[in-house]
Amino acid sequence: MKGYGFVEWFRPGEHDRVEQALPALLASGAGHLRTHLSWAEYLSPGGEAWFDWLIPKLGKQIDLLPCVHYTPPSMSRNGRSTGAPVVLKDYADFIDHVLNRYGRHFSHIELWNEPNNLLDWDWREDHDYQLFSEMVGGAAYWVKQRGWKAVLGGPCPFDPLWLDLMGQRGVLAQCDAVGFHGFPGTWDSEEGAWQGWDMHLGEMRAVLARYGAPEIWITETGYSTWRGDQMEQARRFANAVEAPADRLYWYGWQDLARDVAVQEGLWFDPRHYHMGAVDADGQPKLLARLLKDGGVARLREVTHLAAPSISRAVRPVVITGGSGFIGSNLADSFLSDGHDVVVVDNLSRPGVDQNLRWLTDRHGDRVHPMPADLRDETAMRDAMRDAQAVIHLAAQTAVTTSLTAPMEDFEVNARGTINVLEAIRATGRPVPILFASTNKVYGALEDLRMLESDDRYVPADARIRENGIDETRPLDFCTPYGCSKGVADQYVLDYAKSYDIPSAVLRMSCIYGPRQFGTEDQGWVAHFLIRALMGEPISVYGNGKQVRDILHVSDAVAAYRMVLDRIGRLKGQAFNLGGGARNSVSLKLVLHEIERVVNHPVPLSFSDWRQGDQYYFVADTARLTAETGWQARTGWREGLADLAAWLRANRSFPEREALRVRA
């Protein structure tokens, strides 16, 4: 297998971004990095000092390919920048300077970038590429004479006639490798331009064979996740690794920030801003996570796993978010009863691919993985086409994330739910749908007067204190997350009224249990247990006296199944789903019990309250019980012990000596 690397353009002054990106990039298994060395930036104030820091920093840790391009503006022709210097030899002289100053940090150097891209080279002023051939050919000759290897920058889109012209002009004879740029699925799919790696690289190889056959390097290829389809990005990467080229550079490592201008100028193309293996904040997407977990072998395993196939004669249960915590438990329940299940999941959350593997290992080909994002309307129609029922669990689940990225939160939770509903409506059949809503639709409950005891808050209202919050509580959306889930909640209920779709909503409290990979932002019970089992400190927001009713996932699964069985009678209704008053606990009480379960003290730190956090929420589930007979059967202490046992069996934790439990 050829080596793979990434493309990342670092801009002057981005010292912190380099320091953050490089370790993560190396952890992904990348052996190569392609970055630019802008001639114009080098000659700008501070440019020399920047590259004096950047090139050695990168070259000491990874095989570096600097791409030298951009003529300084002071050397433009006829009052406009063509890309070509006034004196063409100046480019070779600058390359010579780069080799002298930085050459010990790399073996290859790339000469220019995308010569048919007006941003890099104004070919309207050099229509026969005579200036380009003379400039780059001379520089390549000098690179070879100095003992380094030249890489010819690739045009985008690929142009075999241009490449042959470079051979006729003698440029290829001086180069050890030639770059290829192609973006199947993002740009090259437009107007049928993309014909496959074998065809395009085969055409390229046929040209190169006439001029000394330099190596073919894919110096830029990538896939934009602007529609949220991270699985497709991972699959495209796996395909590119198999392409018949000598080296691969994936574009790029990190998403562009929204304030970074790109070549469109007056119009915005979101595809440019979502090309990375990690997002603009450095958080790994599925591609980066799989590469870090096991390299290309892990990537192939997961992308092969997610290859749906289903007979038209089968009426499956469709579960969006079916690889998630609740989804995988629900899927297992339906599969165990003999149903086929379509698991719709973009696999963007860490750990969920393990849940999907667990399902397929247990149930084989009755599990039909569909790696799709809620924002993909076409994929949702394909997923719902043959459904007998739909359980809609997929969502952006963190209040904190909604506050930093409200647009994405809306697109996933609100727009994504509309896509699911419309896909169901398009079937022309009354397909039942159950929607996983949240207690956050009731807001922060700031009007409830609270009484504070040593370890918890309780409502002053005795009725609420005894039973919890029921469904007559007015909706009061709070935080973008509460708004997006609340909007979805109301749309699902309205589709029962407007389109007679059998729908119901379950407004959930805190669900916990096996197959949960909790984080600080979501799944706090599992997160607390994981931290405690690893001997790591736990951060508590607020004073720890906030109260929740926690519900074991086995009871949540039972509730969904019971509502679905009665959907004809229950359509258009919303039900609270939680542990109820019997399973109401403060965070402090849970932490104390966790110390008992793990048998050692847990270090705690306390921070300010988070926006929208409720002092108290306990679900009154009387309506659900009255309509279905459902009751929570697992007590919270028993449930915690069950989750701890599963975590110990399914995660590796450091051995530690048993310690005295803090009283």
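Thresholds applied
Residues numbered from 1 in each chain as written. Predicted model: local features only at pLDDT ≥ 70, side-chain atom pairs only at ≥ 80, totals over all residues. Heavy atoms only, no water. Buried < 20%, exposed > 50% of the residue type's maximum accessible area, 1.4 Å probe, protein only. Helix = DSSP H or I, 4+ residues; strand = E, 2+ residues; numbered from the N terminus. Contact = heavy atoms within 4.5 Å. Polar contact = N/O pair within 3.5 Å; in protein donor to acceptor, adjacent residues only side chain to side chain. Axes fitted to C-alpha atoms, helices over the stretch in contact; angles between N-to-C directions. Parallel < 35°, antiparallel > 145°, perpendicular 65-115°, else oblique. Left-handed = near helix turned anticlockwise from the far one by under 90°. Nonpolar A, V, L, I, M, F, W, Y, C, P; charged D, E, K, R; others polar. Expected span 1.5 Å × (residues − 1). Arc of directions from axis to C-beta. pLDDT = per-residue confidence, 0-100. Salt bridge = Lys/Arg side-chain N within 4 Å of Asp/Glu carboxyl O.

Student: Sorry if this is basic, but what is going on with helix α6 (residues 160–168) here?
Tutor: Residues Trp162, Leu163, Asp164, Met166 and Gly167 constitute the buried set of α6. Tucked inside the fold, the buried residues of α6 contact α5 (130–146), β5 (149–152), β6 (177–181) and α7 (197–208). Between the side-chain oxygen at the start of α6 and the backbone nitrogen of Leu161 there is a gap of 3.0 Å, and the oxygen is on Asp159.

Student: How do you make sense of the packing of helix α17 (residues 524–533) against helix α22 (residues 636–650) when you look at a structure like this?
Tutor: The axes of two packed helices give the description: the angle between them and the distance between them. Relative orientation of the contacting elements α17 and α22 amounts to 55°, with a least axis distance of 10 Å. Between α17 and α22, the crossing angle belongs to the class labelled oblique. Where α17 crosses over α22, the handedness of that crossing is right-handed. Contacts between α17 and α22 involve Val525, Ala526, Leu529, Ile530 and Leu533 on the former and, on the latter, Leu640, Leu643, Ala644, Leu647 and Arg648. Here the residues of the contact of α17 with α22 sort into nine nonpolar, no polar and one charged.

Student: What is the right way to look at helix α11 (residues 352–363) in this model?
Tutor: Because an α-helix packs 3.6 residues into every turn, residues spaced three or four apart end up facing the same way. Taking 1.5 Å per residue as the helical rise, α11 with its 12 residues ought to reach 16 Å, and the 17 Å between its terminal C-alpha atoms agrees with that figure. Every buried residue belonging to α11 is among Val352, Asp353, Asn355, Leu356, Leu359, Thr360 and His363, and all of these are buried. When α11 is viewed along its axis, its buried side chains cluster within an angular range of 155° and face the same direction. Following α11 by one or two positions, Gly364 adopts a phi angle in the positive range, close to 60°.

Student: How should I be thinking about the confidence of the model for the protein in this particular structure?
Tutor: Regions with low pLDDT should not have their predicted coordinates read in detail. Counting all residues, the mean pLDDT for the protein is 91, and 94% of those residues have values of 70 or more. Counted against residues more than four places away or in other chains, residues 655–663, with its pLDDT under 50, gives 18 contacts.

Student: Hey, could you run me through the pattern of salt bridges in this one?
Tutor: When their charged atoms lie close together, side chains carrying opposite charge are able to pair. Summed over all chains, the structure comprises 39 salt bridges. With its nearest N and O atoms 3.0 Å apart, the salt bridge here joins Arg247 to Asp63. Residue Arg247 is found in strand β8 (residues 247–251), and its partner Asp63 is found in strand β3 (residues 63–69); the two are separated by 184 residues along the sequence. Of the residues examined, Arg247 reaches a relative accessible area of 14% and is grouped as buried. For the salt bridge of Asp447 with Arg473, the shortest nitrogen-to-oxygen distance reads 2.3 Å. With Asp447 in the loop between β13 (433–438) and β14 (450–452) and Arg473 in the loop between α15 (462–467) and α16 (479–499), this pair connects stretches of sequence that are 26 residues apart. Among the charged side chains, a salt-bridge network with shared partners connects Arg298, Glu301, Asp353, Arg357 and Asp361.

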